[in-house]
Protein chains: 6
Amino acid sequence: MRRNTLRQRLADGAPIVNGWLAIASAYSAELMGHQGFDSVTVDLQHGMIGFDAAVAMLQALSSTPAVPLARVSRCDYALVMQLLDAGAYGIICPMISTPREAREFASFCRYPPAGQRSFGPARGLLYGGADYFAHADTEVLALAMIETREAVANAAAILATEGVDGIYVGPNDLCLSFGRAPAPESADPEVARVIGDLAAAAGRAGKMAGIFCSSGEAARDRLAEGFHMVTPGNDAALLARAGRAAIAAARGTAPGAPASRSGY
Amino acid sequence: MRRNTLRQRLADGAPIVNGWLAIASAYSAELMGHQGFDSVTVDLQHGMIGFDAAVAMLQALSSTPAVPLARVSRCDYALVMQLLDAGAYGIICPMISTPREAREFASFCRYPPAGQRSFGPARGLLYGGADYFAHADTEVLALAMIETREAVANAAAILATEGVDGIYVGPNDLCLSFGRAPAPESADPEVARVIGDLAAAAGRAGKMAGIFCSSGEAARDRLAEGFHMVTPGNDAALLARAGRAAIAAARGTAPGAPASRSGY
Amino acid sequence: MRRNTLRQRLADGAPIVNGWLAIASAYSAELMGHQGFDSVTVDLQHGMIGFDAAVAMLQALSSTPAVPLARVSRCDYALVMQLLDAGAYGIICPMISTPREAREFASFCRYPPAGQRSFGPARGLLYGGADYFAHADTEVLALAMIETREAVANAAAILATEGVDGIYVGPNDLCLSFGRAPAPESADPEVARVIGDLAAAAGRAGKMAGIFCSSGEAARDRLAEGFHMVTPGNDAALLARAGRAAIAAARGTAPGAPASRSGY
Amino acid sequence: MRRNTLRQRLADGAPIVNGWLAIASAYSAELMGHQGFDSVTVDLQHGMIGFDAAVAMLQALSSTPAVPLARVSRCDYALVMQLLDAGAYGIICPMISTPREAREFASFCRYPPAGQRSFGPARGLLYGGADYFAHADTEVLALAMIETREAVANAAAILATEGVDGIYVGPNDLCLSFGRAPAPESADPEVARVIGDLAAAAGRAGKMAGIFCSSGEAARDRLAEGFHMVTPGNDAALLARAGRAAIAAARGTAPGAPASRSGY
Amino acid sequence: MRRNTLRQRLADGAPIVNGWLAIASAYSAELMGHQGFDSVTVDLQHGMIGFDAAVAMLQALSSTPAVPLARVSRCDYALVMQLLDAGAYGIICPMISTPREAREFASFCRYPPAGQRSFGPARGLLYGGADYFAHADTEVLALAMIETREAVANAAAILATEGVDGIYVGPNDLCLSFGRAPAPESADPEVARVIGDLAAAAGRAGKMAGIFCSSGEAARDRLAEGFHMVTPGNDAALLARAGRAAIAAARGTAPGAPASRSGY
Amino acid sequence: MRRNTLRQRLADGAPIVNGWLAIASAYSAELMGHQGFDSVTVDLQHGMIGFDAAVAMLQALSSTPAVPLARVSRCDYALVMQLLDAGAYGIICPMISTPREAREFASFCRYPPAGQRSFGPARGLLYGGADYFAHADTEVLALAMIETREAVANAAAILATEGVDGIYVGPNDLCLSFGRAPAPESADPEVARVIGDLAAAAGRAGKMAGIFCSSGEAARDRLAEGFHMVTPGNDAALLARAGRAAIAAARGTAPGAPASRSGY
């Protein structure tokens, strides 16, 4: 079976820079996969992407060096398995707030006896190889999103859950859960401290700590803070920002902010 | 943020005529959005429409004056949020029969602290504007479908649920729940009375009462009965009926009924 | 091979009422095919339909009693054959103005030695049957659109062209070619006379005369005028009109006209 | 309503050979439907198929003699109904392990009062006929997958569940649940005995027993063992195997096995 | 009919900054349309975009302030008209090298008597308004690509062609035609001079001069050189470059170049 | 740039076994690409595949060892280039019957000065590498289909055409052109001789000779006859035949022939 290179990078202490796809296009997926990301995540939660589109994107990622991951829209038994069958080498699952949820999520990613994944690897065989079943439990990553106050309180237990390979911080929802405005890199001291603590906790547990960031610069800061896997914005934000910058350069003006509509 | 004009119409006592889409096509969605409907609903429950198709339809509706709504296939945390992120300005949710279900549904439509919607507004920003997050909780409509005997019994409590903006009656399923044949405008006295009572209850609660109808004429009667929002059939029925009428006119015959197959 | 029932209707003097699809949806295609049309045409010229969508629509029509036809976007060798391979039982080809163009078009619809269609019947085998090749030349209809002044002058020769099964009048473009405003049922005497003459010419030639109409009533008039095949509007117009009528009925107003934008 | 011919075959003791679709293509669905299968199942669990693709495939199957079935990804209220509305004449539901789950699943497939299916038959009307509602509960099949040790223990009770028309054995997951390597025709004596017992139990209950097989030959053995419905591999496996055989014949070599990647 | 704001900008001497789409996605189209571009072009020549995808993209652009344009894959009668019917407000046509080709191209964009566009405006009515036909010839832009040595020689005559609204320089193909390596901003003196001359010639003719550029900075230079319409790269290049920059910032390295494969 | 391994195989005298795709699915494309074919061809002529679908299939093939090729629907300037831009490493072009057509076809596949391909390599860069432009003319294959009596007469001249890398025999159309029934392996002595002569002529010219076959066994015979590249049937035929064989094995009957419909 094709190795999941993210595991080796984690073992080597090498940072993982992860791309993030909200645009339902196999071509933009393939483009992103060729830019140098260690992994690229197809986002079925906040991306404009359903299962039919996700399969095409995972196929496109398969011809790139990037490890294909997917974020599910919820901790759903069927969706997790469908995306693994479609060739995802790891699942990022939102809103894991308790050890019970963490165990359930992990069980969806592993075949019995370790878990309850149903057999039928489909594209897993094409991307992973004919010996997929023998090694899938070892290669596939299960990353639990920490994005509530309750999850923070349970972080150690979640990290200790067998089959959970790491955590992935959703900073916007975490801010909301702490009563703050959503911000990928909130200046709020409590939120900032909590996020730092999560990286440290993952380090202590010998597991992966990932986080969504608003830019490459912010991602660099998160790596310095102890995170192993950073996502420097999604494709939609990268494209929009690059478009505005190009327009500004062409017009000789400062890059515009997206205007607010007149309703308010 | 772009205003949800349905709220103003409700405040003004202006009736809302709502289009309904079962055909998975962005072009027919756009066509419908330009005909004068106040809102148009993408139906992911009984329509032949999955998420990938729904996004394209919501995009098409965005260039029309009609407010884009969506009916979800069930009260699912993930699906409600995905459709809001995709730009729906309101969710119609089937089978809300208890105050607990109503609260849960409403919570999926609102950001914390009011609810538990996850942050990532995607197309919401494009359709709504850059200040989407600040106003989304106010603009987005949560309409609970009343379509069981239990829901009727709980109607007042459902209407009193914070965050529920109104009810939407599913007359076919309501008939079934009362042991009657499904009919949008059932002649059954009990069902007829119950539906009238629902409009009145919504009026008392200062919330919106919507209902699915089989035709424009039936919709007019429902408005007279006190409903604020009426759906005069879906696109599939409108198209089929218009097709049969055109054929009949061409042939000089009476419009045909869809023939029954010979199996029975 | 499955018979092309349009031929029998023509032989019987039975009118052909034809549906017309501009919406790229297999579901609306299937709906239309079940309403009683003798044939339904997938329009790749002015419809919002490319080849990938057309195949799905022809598949959907295959489960209905309607004979599946396609209008190509131009007299293109490849496109005509692709649509026949995809199961169309007849091709309506725009802008046939000379006998040479007519011969060329007909040759695209027939296998050698009668024509130059390339072998590879694909869905033709599924819809038509395993003996498709033996009978396709006989069953498939080639209908040449008459829509220019030049075509009118050449109508007799076009109708006399071997392999051309009939003509199909495009009244809007015909009006334009005669310097009149486009109108399906133009009141202009010259255009009206020309169109009537075309039906008569086809009758004399023993071939089919079809025409696009704006409504069922107009279609009835065309049948009375001698046309054999009439199209009472397309799906988009039927749906839009039905939508406006339903809204008007719901609001208790007269059906609206689509408003003109303020640019002019 | 069009009859579900599978019921008659079961009554006649005629075997049911079922096709299985993992490739998201309406054309390959239609091809399979024309090869002689009694039914063809669209697999939304391990197939690379979301709802939007499934609808197109069910449409394509509608023009073939094969009865259209669907396997859902999980026992989900909404998905079961959506697929029935999309014209499936039967649902195969994974992971039914208890009578409670069996009752719930069956209730999703029937209208009240027998079940809780929501009204809105959509394509059901097109494929089944205008009297769909009157007969759907009788025609639609609900097949519960037996694929866990718990399900085996509960098999008699599951088979006795009103509304459950039969069982469908998932041999790979069953192997896993018994601690064996997944294999469609496991040589493990306990698994082999359990599977044989399931066929016998279904026979005693007067209900259908189906099973997934790895080949036509294996399917024949299962029929001999007492199964009524057999699936001789899915489209992906048939195509891959046929491709390898053709290559081997062309090269004059033995058919290759899919190579294992070098990671392990 | 909705005005084509590009005409006003040209009349006002205001520069036109044009976006360019090679990614077949309605969501990325919509994103680009909201960033401040005066127009956005769907590229059916070198973009990964067929007609079915292009329609969805033009629909998405319709809800943005950007004027929707399309580049056709060749000067094809049918394709030009299909894209205008799909709502494009202008066509950029490759490889116009002679006045005859220019006349032909222009004729495809105009209704008779000015041209030979076939009637059937479809989405034109939805985006443009009900009076589309009356004004389409005035609003729709026909931009001829100058990208061969022959075209350069004929530039004045092409610019003088009635119905041609301007030229659009394809610098890469122009380089190739002059025997130079393709480069959007070639340092080759002859090519550079030729391009400058083209802007001047358009200015003298009172017509629009557009050009493809590799970046916002290069676009600014082209505006200074006399071009009216500049395209600062396409979406694929913007996204890829933004991705590489984000990765570099995250890793603290210099942005990478796309690596060359080892074949050579 | 990634090497086109077909060239090396030709130089080595190693046979090329080519897969053929008529099913518009990226998953079946990927499956086929993993079975051991040296190349796989996406068929846009007789396959049910438009450009949008073809791109997804070429992407899927990119993750397999098979060289991605495409057959165009006709010798169209735009379509040839679009498919090369989409990553095809070779084009098979139908109906090349004269040296002039051969030159034209070859010119579409090469950049100036060798040909007239327009610059914009898109997916070519992703599949081929960043140095695509420097080597594309060398790597990309142009294969001219010989399938008319005229082409046979001109075979030597076509093979001598600079830029034409070989011929590909279409035996069905060739039969038709010789007045015989279409058959991949016609027993007609003249056709059989002509096909053998074509292989020999290609050998003498040092160019590739390919041919479509009905099975692996027939392909083996063609290799023995001197052909270098053989296609043992397409995916649709492989799947249909495998399906019928599986059904027959399950039923214990002889494999069925597709039944002829009762129309004739």
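Preceding this paragraph is the structure being described.
A. Just the relation of the copies chain B and chain D, in detail. Its rotation angle being 120 degrees, the transformation that places chain B on chain D also includes 0.0 Å of axial translation and leaves an RMSD of 0.0 Å. Viewed as a symmetry operation, the transformation between the two copies matches a three-fold axis. Taking the C-alpha atom as reference, chain B places Asp 52 of chain B closest to the rotation axis, 4.2 Å from it. A distinct binding surface is used by each copy, with only 8% of the interface residues of chain B retained as interface residues in chain D.

B. Quick look at the packing of helix H12 (residues 216-225) of chain A against helix H13 (residues 235-251) of chain E. At their nearest, the axes of H12 of chain A and H13 of chain E sit 7 Å apart, and the two run at 30 degrees to each other. The orientation of H12 of chain A with respect to H13 of chain E, classified from their angle, is roughly parallel. Relative to H13 of chain E, H12 of chain A is oriented so that their crossing is right-handed. Every residue of H13 of chain E that contacts H12 of chain A at Gly 216, Glu 217, Ala 219, Arg 220 and Leu 223 of chain A is listed here: Ala 245, Ala 246, Ile 247, Ala 248, Ala 249 and Ala 250 of chain E.

C. Region of interest: the interface of chain F and chain D. Chain F puts 43 residues into the contact, and the matching count from chain D is 43 residues. At 16 residues, the largest contribution of residues to the side of chain F that touches chain D is made by helix H13 (residues 235-251) of chain F.

D. Looking closely at the interface of chain B and chain D. With 24 residues of chain B at the interface, the matching set in chain D holds 25 residues. The greatest single-element share of the side of chain B that touches chain D, amounting to 4 residues, is contributed by helix H10 (residues 171-177) of chain B. A class-by-class count of the residues in the side of chain B that touches chain D yields 11 nonpolar, 9 polar and 4 charged.

E. Examining the sheet that holds strand S3 (residues 67-71) of chain C more closely. Residues and elements named next belong to chain C. Reading around the barrel, the 8 strands line up as S1-S2-S3-S4-S5-S6-S7-S8 and close back on themselves, with parallel pairing between neighbours. Neighbour-to-neighbour, the strand axes of this sheet turn through a mean angle of 25 degrees, independent of strand direction. The pairing of strand S2 (residues 39-43) with S3 spans 5 bridges and is classified as parallel. When the sheet's bridge partners are listed, Val 42 is paired in S3 with Ala 70.

Basis of the calculations
- Residues numbered from 1 in each chain as written.
- Chains lettered and ligands numbered in written order.
- Predicted model: local features only at pLDDT ≥ 70, side-chain atom pairs only at ≥ 80, totals over all residues.
- Least-squares fit on C-alpha atoms with pLDDT ≥ 70 in both.
- Contact = placed C-beta atoms within 7 Å.
- Axes fitted to C-alpha atoms, helices over the stretch in contact; angles between N-to-C directions.
- Helix = DSSP H or I, 4+ residues; strand = E, 2+ residues; numbered from the N terminus.
- Parallel < 35°, antiparallel > 145°, perpendicular 65-115°, else oblique.
- Left-handed = near helix turned anticlockwise from the far one by under 90°.
- Nonpolar A, V, L, I, M, F, W, Y, C, P; charged D, E, K, R; others polar.
- Pairing = 2+ DSSP bridges.

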